[in-house]
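Below are the chains, spelled out letter by letter.
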Amino acid sequence: KDQKGKKMITFPLFLTKDFAEFIGYVIGDGHIEKRYVEITNEDPEIIKRFAELSKILFNITPGIKKDKRTKNLYKIILSSSTIVKIFKIFELTPGKKGKALQIPKHIMLSDNETIRSFIRAYFDCDSYAAKNKRLIELTSESQIIIQQTNMLLKRLGILSTISKKIINNISY
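A closer look at the overall build of the protein chain
A tally of helices and strands in the protein chain yields six helices and eight strands. Helices and strands in the protein chain line up, N terminus first, as α-β-β-α-β-β-α-α-α-β-β-α-β-β. Its C-alpha atoms give the protein chain a radius of gyration of 16 Å, within 12% of the compact-globule value 16 Å for 172 residues. For the protein chain, the C-alpha atoms occupy an extent of roughly 50 × 40 × 25 Å along the three principal directions. A total of 172 residues make up the protein chain; the buried ones form 42% of that total. For the protein chain, the proportion of contacts with a sequence separation of at least 24, taken over those separated by at least 6, is 67%. When the accessible area of the protein chain is evaluated, it comes to approximately 10,900 Å², of which 54% is carbon and sulfur surface.

Concerning the packing of aromatic side chains
In total, this model carries twelve aromatic pairs according to the counting rule given. Here the aromatic rings of Phe-19 and Phe-87 are separated by 5.9 Å at their centres, their planes lie at 75 degrees, and the arrangement is edge-to-face. Taken together, the positions of Phe-19 in helix 1 (residues 17-29) and Phe-87 in helix 3 (residues 81-87) put the pair 68 residues apart, joining distant regions of the chain. In this structure an aromatic cluster arises from ring pairing among Phe-11, Phe-19, Phe-22, Tyr-25, Phe-50, Phe-58, Phe-87 and Phe-90. Lys-66 extends its terminal NZ or CZ atom over the ring of Tyr-74, reaching a point 5.4 Å from the ring centre.

How each quantity is defined
Numbers given to residues run from 1 along each chain, matching the order in which its sequence is written. Where totals are concerned, whole chains, interfaces and linings use all residues; where local detail is concerned, this predicted model gives features only for residues with pLDDT of at least 70, and gives and counts side-chain atom pairs only at 80 or more. Excluded from the side-chain calculations are hydrogens and water; all other atoms, namely the structure's heavy atoms, are used. Put simply, DSSP H or I for four residues or longer makes a helix, DSSP E for two residues or longer makes a strand, and each gets a number counted from the N terminus. Both definitions apply: the radius of gyration is a C-alpha atom measure, and the globule rule equals 2.2 Å times residues to the power 0.38. Using a 1.4 Å probe on the protein chains alone, a residue whose accessible area is under 20% of its type maximum counts as buried, one over 50% counts as exposed, and one in between counts as partly exposed. Contacts: residue pairs with any heavy atoms within 4.5 Å of one another. Throughout, the Shrake-Rupley method with a 1.4 Å probe supplies accessible areas, and for residues the shown protein chains are the sole cover considered. Two rings from Phe, Tyr or Trp (for Trp, the six-membered ring) form a pair when their centres are within 6.5 Å of each other. A pair whose planes differ by under 30 degrees is stacked, one over 60 is edge-to-face, and the rest are tilted. In this analysis the charged atom, NZ for Lys or CZ for Arg, is taken to sit over a ring once it is within 6 Å of the ring centre and within 35 degrees of the ring normal.

Shown next, in the form of structure tokens:
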């Protein structure tokens with residue numbers, strides 16, 4: 001609990017599979033501000049799972065608000081400046097993620113089960129399975145995270161290739 005906090009939060013002492021999964025959702029569809037962490041998503045399973053992980057990991061029931069941008073879009077908000085401060089340990093800081101986004105070193109150095117949990121959540125948010133092809137596409141503005149993901153997939157025995165994609169005259 002921080003100085004102004006009203007409720008005690010819990011926090012895992014070690015990087016667990018659940019916490020790696022939570023970080024995957026935040027890196028994929030999340031946003032961090034000074035006083036809260038949120039993800040924005042349309043998938044009811046992801047919304048439910050993120051809320052479950054919030055309760056399991058931090059003993060916080062997140063707020064869920066409708067986002068007006070699309071019919072099924074929701075914001076799942078964890079209001080806690082303490083969690084924001086703790087996320088800095090994992091190089092996840094408030095503001096735009098952008099080109100410098102990276103997979104935290106703690107995850108890069110984790111066991112394969114923890115890496116699988118992270119990748120599953122990250123891919124749930126930022127990847128696309130092509131129809132009628134054996135292809136899953138992951139797109140990011142950050143070349144660093146693409147290289148790191150490629151390395152982790154190889155570590156898990158999954159072959160992948162990296163190619164450039166142009167969207168609205170921006171190279172990804």
